[in-house]
Amino acid sequence: MTASSITIIRPDDWHLHLRDGPQMAAVLPYTVRQFARAIVMPNLKPPITTTQQALDYAARIRAAVPPELIAQGQSFEPLMTLYLTDQTSAEEIARAHASGVVHAVKLYPAGATTNSDSGVTNLDRCTSALEAMQRLGLVLCVHGEVTDAAVDVFDRESVFIDQVLITLRQRFPELRIVFEHITTRQAADYVRDADGPIAATITPQHLLYSRNAIFQGGLRPHWYCLPVLKREVHRQALLQAATSGNPRFFLGTDSAPHERSTKESSCGCAGCFSAPYALELYLQAFESADALDRFEAFASFHGPDFYRLPRNTSTITLSRIGQQIADHFPFPSGSIVPLASGEHLAWRVQASA
Ligand code: NCD
Ligand code: ZN
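Being a predicted model, the structure only gives us computed values, none of them experimental. (Residues numbered from 1 in each chain as written. Chains lettered and ligands numbered in written order. Predicted model: local features only at pLDDT ≥ 70, side-chain atom pairs only at ≥ 80, totals over all residues. Heavy atoms only, no water.)

A few words now on helix H7 (residues 185–193). Turning to H7, its buried residues are Ala 187, Ala 188, Tyr 190 and Val 191. Along H7, the residues classed as buried sweep out an arc of 165 degrees about the axis, all on the same side. Buried residues in H7 make contact with helix H6 (156–171), strand E7 (177–179), strand E8 (198–202), helix H9 (232–242) and strand E9 (249–251). (Buried < 20%, exposed > 50% of the residue type's maximum accessible area, 1.4 Å probe, protein only. Helix = DSSP H or I, 4+ residues; strand = E, 2+ residues; numbered from the N terminus. Arc of directions from axis to C-beta. Contact = heavy atoms within 4.5 Å.)

This next bit is on the coordination of the zinc ion (ligand 2). Coordination of the zinc ion (ligand 2) by the protein involves His 15 (NE2), His 17 (NE2) and Asp 254 (OD), with metal-donor separations of 2.0 to 2.1 Å. Because the angles between the four donor atoms bound to the zinc ion (ligand 2) fall within 91 to 146 degrees, the donor set is best described as irregular. Assessed through its relative accessible area of 7%, His 17 is described here as buried. (Donors = N, O, S within 2.8 Å, 3.2 Å for Na, K, Ca; no water. Tetrahedral: all angles 85-135°; square planar, octahedral: opposite > 155°, others 65-115°.)

Quick look at the site of ligand 1 now. Close to ligand 1 lie 15 residues; Asn 43, Thr 113, Leu 226, Asp 254 and His 258 are nearest. Interatomic distance of 2.7 Å between a side-chain N/O atom of Asp 254 and a nitrogen atom of ligand 1. Measuring from a nitrogen atom of ligand 1, one finds a backbone N or O atom of Ala 270 at 3.2 Å. Protein chains shield 100% of the accessible area of ligand 1, which is 310 Å² for the free molecule. Residue composition of the shell around ligand 1, grouped by class: four nonpolar, nine polar and two charged. (Near = heavy atom within 4 Å. Polar contact = N/O pair within 3.5 Å; in protein donor to acceptor, adjacent residues only side chain to side chain. Areas by Shrake-Rupley, 256 points an atom, 1.4 Å probe, with all protein chains shown as cover. Nonpolar A, V, L, I, M, F, W, Y, C, P; charged D, E, K, R; others polar.)

In this section: the environment of Thr 253. Note on placement: Thr 253 falls in the loop between E9 and helix H10 (260–263). On a C-alpha basis, the gap between Thr 253 and Leu 219 in space is 23 Å, while along the polypeptide they are 34 residues apart. If sequence neighbours within four positions are ignored, Thr 253 has contacts with Asp 13, His 15, Leu 16, Phe 35, Thr 203, Pro 204, Gln 205, Ser 274, Ala 278 and Tyr 282. A distance of 2.5 Å separates polar atoms of two side chains, one belonging to Thr 253 and the other to Asp 13. A distance of 3.0 Å separates a polar atom in the side chain of Thr 253 from the backbone nitrogen of Ser 255.

Now for the pairing of strand E2 (residues 13–16). Remember that side chains alternate between the two faces of the sheet whenever the strand is regular. Of the pairings in the sheet, the one linking E2 to strand E3 (residues 37–40) comprises two bridges and is parallel in character. For Leu 16, the partnering residue across the bridge sits in E3 and is Val 40. The β-α-β motif built from E2, the intervening helix H1 (residues 21–34) and the parallel element E3 has right-handed crossover chirality. (Pairing = 2+ DSSP bridges. Right-handed = clockwise from strand over helix to strand, strands pointing away.)

For an α-helix, the turn length of 3.6 residues means that residues three or four places apart are oriented alike. Over its 16 residues, H6 runs 22 Å from end to end, which matches the ideal 22 Å to within 8%, given 1.5 Å per residue. Considering bend angle alone, the principal kink of H6 is centred on Asp 162 and spans about 40 degrees. By the burial criterion, the buried members of H6 are Arg 156, Glu 157, Ser 158, Val 159, Phe 160, Ile 161, Leu 165, Leu 168 and Arg 169. Buried residues in H6 make contact with helix H5 (127–136), strand E6 (139–142), E7, H7 and E8. (Expected span 1.5 Å × (residues − 1). Bend = angle between axes of the 7 residues up to and from the residue.)

Set out below in structure tokens:
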């Protein structure tokens, strides 16, 4: 029998880009409708590198939650992150941990993706910060791609495991690491089999699409994100990992809003805007694997358990009421196109309690 609705503990998004100012105000409501908390990425311009900046950013996010959603009883807690640089000190890590508001530090290899120019050039420069994180139990979120131009763009994640991640984890065996937005069979296997505290987030686009989607009948920039979509065998390995029930895998959309003209461009930005239909997209993927019963743990349990935070207690219901993904949404200086615009979804977010 196919279920006509599914009610789960309210999920959290463990990897989200909210931007700032009017852009943040435009995209935040989509997340608040579905998620109780989100790990908010620090790659603003300039990046969030200090605890004080993270506290100020958190206050701006809280102030931007629409009053009508609060009136409906929805609350939203931003879980902040710091952007690791060659200069991040052990004292800054201690302040971040003591704040209770910063829950992770993000490693972007310099130049790996959008706004990563201030990222880490050499992990040896981060030894004291990483030691402090390991001691305090502060999570390191990793964008796992090498940036070497000689490495094929489709191989950058698997080469990162061999050249960076294994050594990093040997040096800091107790460091709690989330391998963000994994895209390959190699990453899924590594996270499943490795010793010690490691987990991974998986996006809706990497569960639903292979790299063919970027070239379907022409060049489709709204399917371009980093790490880039991979071959079908990798998509299948990710779907298997997400639906396996293994607590090391959990939900992180990597929803990354860019105004339409900056994506439909001769040099288009990387990032898929999945926030408006995040849960429906994930549910579509889980249903394709006949694993609806595994969705709640992936979306609502494994993330808080790894981050050592309480699970949420309120619920959200999705019903089997079909809908078509909108062509675009309003966004400052233009519009924004959601992932899979125009496609049909079998599910729809209904009510929260
Ligand atoms: C992200 C962005 O636009 O900030 N883009 C993306 O393709 N995922 C950066 C990132 O997470 O790599
Ligand atoms: Zn991201």
